[in-house]
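# Understanding the architecture of this molecule
Residues per chain, in single letters:
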Amino acid sequence: MTALGARNPTVKLLLVVAVSLATLALLDPAALAALYLLGLAAARWGAGVGGRRLLLAQVPFWTFGVGVLLVNAMSRPGAVLVAGGPFRVTHEGLVVGAALALRGCVIGVATVAFLASTPPRDLMVSLVRHARLSPRYAYALLAGHRMLAGLPRQWATIRAAQQVRAPLGRDGRPHEGWRGLARSAFALLVASIRASERVALALESRGLSSGPRTVWRPVPLGAADAALAAGVLGVLALVVLAAARL
Amino acid sequence: MLDVAGLEAVLDGGSGVGPVDLRLAPGEQVLVLGPSGAGKSTLLRCLHGAVPHAVPARVSGRVAVVGRSVAEHGVAALADVVGVLAQDPETGVCLADVEDEVAFPLENLGTPPAAIGPAVAAALGAAGAGHLAGRRTDALSGGELQRVALAAAVVTRPRLLLLDEPTSMLDADGVAAVRDALTAARASTGAACVLVEHRLDALAGDAGVAGLPGRWVVLSADGRVTHDGPAAEVARDAGPELLARGCWLPEDVELAVAFGGAAGEPGTFDLLPALAAGAPPSRDPAAGRGEVLLAARGLAVGRRPVGRSARRRPAAEPVLRHVDLRLRAGEVVAVVGANGSGKSTLVATLAGVLPPLAGVVEGARPGLVVQNPEHQLAGRTVAAEVAVGLPPGPATDDRVAAALARFGLAALADRDPHRLSGGEQRRLSLAAMLVHDRPVLLADEPTFGLDRHGTATVLRALAGEARAGRAVLLTCHDLRAVASVADRVLVVADGGLVADVDPLGLLREPRLLAAARLRPSRLLRRLAAVVGDAGRLRDALAALDACALLAAGAPDPAGARDPAGAPDPAGAPDPAGAPDPAGVPVR
């Protein structure tokens, strides 16, 4: 188990929220870049996310960041750094754009580190126990999560079943168009609704209610979690203070 | 313990059950039987409050479990005294970890955590699933999942155990494992038990009536209790009626009905050789010498992994390699093999909806009916469903009408296909595929989940297609169905095609049966030992069917809606004309 994997999920979730809030107070690219690097390190070594997977997980945030950076750099008024034709890049625009882009990246990497180090079951058990989430919602979500994992396979089965009667295209493969996709989606919807009704009944017939319950293998909450919280909050405070001084 | 008085339930759709009166003593075991649609599952759901608390229905009368009124308690409030095992293994297990799943009911009841661990281990052991502790539930087979769900149902030591067709969705291996687990769990908990199961021949196994609960309750087609008493007595009195209504009965009961006599009487099976010897010969044994309509050469089949892993591992691992096969006009070929051996993948590849990983499939585009008919539904009404993929116009309307009439669906033409029964959906899927008039028909587990009449109808339709000059290939877990329809059997095991034999050759080869995880019943073993060839085996099974239905006083079920179009001239035969036990059915 990784260092972050052993920590309490509710604590980690609150820390992700704290980091996200802290980034809102920051508009300094250097401070945000420092947080981003720390976040990457936490995801890589704290949560044990492999280098390649970590890189892939960053792609959506980078894509989003590049967009935010370009829009801000070219649309904000201020000292012009480069001008060409109708485009002007301003210093203020560049700084604000970089800060906003990095904000997204920090929140993104914190979420990646959280998800990679937290099994859904532990998260729900901890939220029920430490955050007073109703067990009815928590276990319904867990059962839903299990069903979700089976959806791609079911989709493939339904698509194949539906293509049998589809007319053949020029390449000799069945060709249905969007109508076919809509039919398959409807079939999947029907199957999923039926399945979720059965799962809901199974949960209820095993006594799931909103009443008091015990937990066989609880998720611990202890000194190490307090230390993690103190550490993360301390670093956040330092970064925010340093950014305010400069 | 369980007290049901004047119970009547009417579901929103209009179907229902009742009036039912039923009292169970502690530890008493009851089997509920009845034709499809009699409301067996609805009755079971009334007993723990799922009807009307989770499924809307009008319910009158009284149901009480250990003195608690079900109407006033919800489903969850009865969980400490009632354990439930449903039919679908995939949705009967809710959590990702096996031990969490079994611990879950105890946690909900507020059991002290220290007591949960030992109870989970004991329940898994009682359900024959001790070795599954620590596994993830998404990696388990249907039979394994069902045993985990059974452990979760008995872990609270309930006073009443409700089993709703617990083995109906499993293959032979799974049925055997769950059967043993059920027996052990019922014995170890001492719980009273109400069992509903339609595949009684599979569930009872070689033990016959003795392998089932000792008290039988029979529901009529409209949901009333017609018989309630000791198994042997009810089997004798209600056996013919149940058989006539399409129920699958234990083989000893079926033979007792066919030959006249009592179930479990020694010697019933000894009448089979005479029946086999005197069975009228039917189909031309030269079937299958026709031209090759579909051929596969050097075929490797497999599904590309879906989801995240697809990026990392773009190449799919074949489940079957080096498959060479030919389907000829006029023959019915069955594919058998264990769950997960690649039968469905092979069929999908032959049908052209899954690209082969290697090799080629040659021939005209085949038709395909998939295991779950709902996956194939694309129309809003039954008639529209049959018309899917055909050009609109009066010619199509005529063809659709003819197909509906042929499969007995004309009266349902305007219904929503999703609201049909399982048997009706299966007939619809066949009608919708056959209307395309493709030379090859592929069918993936076409008899799955059907009652006896539904199975007979499907098998007749497949045989009829072959007679009409098509090639038919079906996958099937049911050896009796295979033996009664197939000309050839392809055995799939260990990543390849390991045999191409006739059904008798399969039944006589223990090595092949083991490879395909098949267990022939007593009836099939006995017949296989006395018949001369596969054709005679088929004749004997057909003779037994005819004899049993004749003795049961049923009109030939397929005659009324024979997909091959031949009306039954005899109508309802005279029950007095039932054949004499030692004699040979003549028809």
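What counts, and where the lines are drawn
Residues numbered from 1 in each chain as written. Chains lettered and ligands numbered in written order. Predicted model: local features only at pLDDT ≥ 70, side-chain atom pairs only at ≥ 80, totals over all residues. Helix = DSSP H or I, 4+ residues; strand = E, 2+ residues; numbered from the N terminus. Rg over C-alpha atoms; globule rule 2.2 N^0.38 Å. Buried ≥ 20, exposed ≤ 12 C-beta atoms within 10 Å, placed from the backbone. Contact = placed C-beta atoms within 7 Å. Axes fitted to C-alpha atoms, helices over the stretch in contact; angles between N-to-C directions. Parallel < 35°, antiparallel > 145°, perpendicular 65-115°, else oblique. Left-handed = near helix turned anticlockwise from the far one by under 90°. Nonpolar A, V, L, I, M, F, W, Y, C, P; charged D, E, K, R; others polar. Pairing = 2+ DSSP bridges.

## So, the overall build of chain B
The secondary structure content of chain B amounts to 23 helices and 19 strands. For 587 residues, the compact-globule estimate of 2.2 N^0.38 gives 25 Å, and chain B sits close to it at 24 Å. Overall, the C-alpha framework of chain B stretches about 70 × 70 × 50 Å when taken along its three principal axes. Buried residues in chain B amount to 57% of all 587 residues. For chain B, long-range pairs separated by at least 24 residues make up 71% of all intrachain contacts whose partners lie at least 6 apart in sequence.

## Considerations on the environment of Pro356 of chain B
Residues and elements named next belong to chain B. Looking at the secondary structure, you find Pro356 in the loop between α13 (343-350) and β14 (358-363). The class for Pro356 is partly exposed, based on 19 C-beta atoms found within 10 Å. When the C-alpha atoms of Pro356 and Glu233 are compared, they prove to be 55 Å apart, with 123 residues separating the residues in sequence. Other than its neighbours up to four places away in sequence, Pro356 contacts Leu299, Ala300, Val301, Thr349 and Val361.

## What about the packing of helix α4 (residues 98-108) of chain B against helix α5 (residues 113-126) of chain B?
Residues and elements named next belong to chain B. In the contact formed by α4 and α5, the axes pass within 9 Å of each other and the chain directions differ by 120 degrees. Compared by their axis directions, α4 and α5 come out oblique. Considering how the two elements wind past one another, α4 and α5 form a crossing that is right-handed. Along its contact with α4, which presents Glu99, Val102, Ala103, Leu106 and Glu107, the element α5 presents Ile116, Ala119, Val120, Ala123 and Leu124. Across the contact of α4 with α5, the residue classes tally to eight nonpolar, no polar and two charged.

## Quick notes on the pairing of strand β17 (residues 471-475) of chain B
Residues and elements named next belong to chain B. Of all five residues making up β17, five are buried, and the element is well covered by its neighbours. Burial along β17 is two-sided: the face carrying Ala471, Leu473 and Thr475 and the face carrying Val472 and Leu474 are both buried. The pairing of strand β13 (residues 332-337) with β17 spans four bridges and is classified as parallel. Opposite Val333, over in β17, you have Leu473 as the bridge partner.

## With respect to the sheet that holds strand β10 (residues 225-230) of chain B
Residues and elements named next belong to chain B. What the six strands build is an open sheet, ordered β6-β7-β8-β3-β9-β10; its pairing is mixed. The open sheet has two edge strands, β6 (82-85) and β10, and neither has a second partner. With strand direction ignored, the average angle separating the axes of adjacent strands in the sheet is 15 degrees. Two elements, strand β7 (residues 160-164) and strand β8 (residues 192-196), share five bridges in a ladder whose sense is parallel. Within β8, the residue paired with Leu160 across the bridge is Ala192. Seen against the sheet, helix α6 (residues 142-154) touches β6 and β7 and runs at an angle of roughly 170 degrees to β6.

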